[in-house]
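# Report on the structure
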Amino acid sequence: MDGKREPFKTKDNNQILCKREDKKLCECETEETGYKREDKKKKSLFLCSKPSVTDKVVTSVINSISRKGPFILESWEEDLAQSILELEMHVEQEYAIDIFKCMMKNQWKYVFRVDDIPKSVTTEMRSMLVDWLVQVHEYLGLQEETLYLAVYLMNSYMKAHSIRTYLLQLLAASCLFIACKMEETLIPEPAELCFMMEDSFSKKELMKMEKKVLSGLRFELQYTQPLHFLRLLSVTGKCLEKVQYLAMYFMELTLLEADGAMIEPALLAAGALTLAQKVSLESGSLSPDQMWHGALYTYSDTELTSPQYLMAKAALRANTDSKSTWQKYSRPQQLGVSTGTAMANSKHLARCLGFLCPNTG
């Protein structure tokens, strides 16, 4: 059994994650990989090529900025109550203020540090892993919250427990399986997830890893999602739908960046929405009077610099390195924001890279 395992194949056949921890990355076959299902059309899965190594200077700046926290506006209670109504969360309206206070107060607990991700899991390996999760998540048609929770659980487990390299894909699949149980109405079958791993691992191994993750995390499976902040900000700021999708695209790209886990959820949401508006304004798809100028809470321009740097860096290489997210948001369901006019030759994204690295191209 051990000799047959070949998880983590790439569509362009450049990389394959090692089968065992004592194996090195090797070249794949020249044919495209794919999979078949009886009830669905054949659909290829692929993994992105390696991104560049994370900048340590950016990491230290992110850590220092994320600890400062946002400034909450005086009118936030009225804005929040209106947002809850517009989101049709009538049941939660009575507790909305208390829930939001708790989210803002406890979000720092879900911020990771530089040394929380084990050194054995390189930036490239982690990026490939999350990219694969995006593919499976989209194929199964899961909720956006499920993807964010799966990545958070994976990071949390790697922070507390050592994991062998060849088990990384199994860990990711197990975290996605747990996240589905938390967020989804219909849960995928374990056999289906094993199928997504090209049967590199059995159902028994998947269930065993699930138990390890649950006990390792002591069943602490919830966290403050940046998606929740983004939706509240979008509603209170009356943002256009295309701007919201572009912000979601920028924010999802940070899942592939290890540094993205080191930024507070509220700061990620504010940075993504601000960047989406500036890029849209530059392209002419958004007028100045449609700009969101802050609601519920606000961060300084200096604090917004770090998440926007990460998002701009990831967006400029997304069509080559993180293709799964780029292709996901190129589809009509997401209004094609990753390939739209706002992203085409955006000078603002290039300027974002100069904020922290003025001497780089």
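Here is what the cut-offs are and how they apply
Residues numbered from 1 in each chain as written. Predicted model: local features only at pLDDT ≥ 70, side-chain atom pairs only at ≥ 80, totals over all residues. Heavy atoms only, no water. Helix = DSSP H or I, 4+ residues; strand = E, 2+ residues; numbered from the N terminus. Buried < 20%, exposed > 50% of the residue type's maximum accessible area, 1.4 Å probe, protein only. Contact = heavy atoms within 4.5 Å. Areas by Shrake-Rupley, 256 points an atom, 1.4 Å probe, with all protein chains shown as cover. 1 Å grid on protein atoms, 1.4 Å probe; cavity = no way out; pocket = protein on both sides within 12 Å on 5 of 7 lines; lining within 4 Å. Points joined across faces, edges and corners; volume = space filled by probe spheres on them. Phe/Tyr/Trp six-rings, centres within 6.5 Å; stacked < 30°, edge-to-face > 60°. Axes fitted to C-alpha atoms, helices over the stretch in contact; angles between N-to-C directions. Parallel < 35°, antiparallel > 145°, perpendicular 65-115°, else oblique. Nonpolar A, V, L, I, M, F, W, Y, C, P; charged D, E, K, R; others polar.

### Things to note about the overall build of the protein chain
- Secondary structure summary: the protein chain contains 14 helices and two strands in total.
- Residues counted as buried form 55% of the 361 residues belonging to the protein chain.
- Once local pairs closer than 6 in sequence are excluded, the contacts in the protein chain between residues at least 24 apart make up 79%.
- Split by element, the accessible area of the protein chain, about 17500 Å² in all, is 51% carbon and sulfur.

### As for the environment of Leu-316
- Considering the arrangement of structural elements, one finds Leu-316 in helix H12 (residues 301-316).
- Between the C-alpha atom of Leu-316 and that of Ser-346, which follows or precedes it by 30 residues, the distance is 9.1 Å.
- When residues no more than four places from it in sequence are discounted, the contact partners of Leu-316 are Leu-349, Ala-350 and Leu-353.

### Things to note about empty space enclosed by the protein
- Inspection of every chain in the model, using the stated rule, returns three cavities of 30 Å³ or more.
- Forming the boundary of the largest cavity are 17 residues, of which Tyr-223, Leu-255, Gly-260, Ala-261 and Leu-268 lie nearest the centre.
- For the lining of the largest cavity, the secondary-structure elements that each account for two or more residues are helix H5 (144-160) and helix H11 (265-283).
- Counting residues per element, the lining of the largest cavity draws most heavily on H5, which supplies four residues.

### Comments concerning the packing of aromatic side chains
- One pass over the full model with this rule turns up six aromatic pairs.
- Consider the rings of Tyr-152 and Tyr-223, whose centres lie 4.2 Å apart with planes at 5 degrees: the pair is stacked. Of this pair, Tyr-152 sits in helix H5 while Tyr-223 sits in the loop between helix H8 (203-216) and helix H9 (226-236), and the two are 71 residues apart along the sequence. In terms of burial, Tyr-152 and Tyr-223 fall into one category: buried.
- The interplanar angle of 35 degrees and the centroid separation of 5.9 Å between the aromatic rings of Tyr-249 and Phe-250 together place this pair among those described as tilted.

### Concerning the packing of helix H10 (residues 241-253) against H12
- The N-to-C vectors of H10 and H12 enclose an angle of 90 degrees; their axes lie 8 Å apart at closest approach. Taken together, the axes of H10 and H12 are roughly perpendicular relative to one another. On H12, the residues that touch Tyr-249, Phe-250, Met-251 and Leu-253 of H10 are Met-311, Ala-314 and Ala-315.
- Tallied by class, residues from the contact of H10 with H12 come to seven nonpolar, no polar and no charged.

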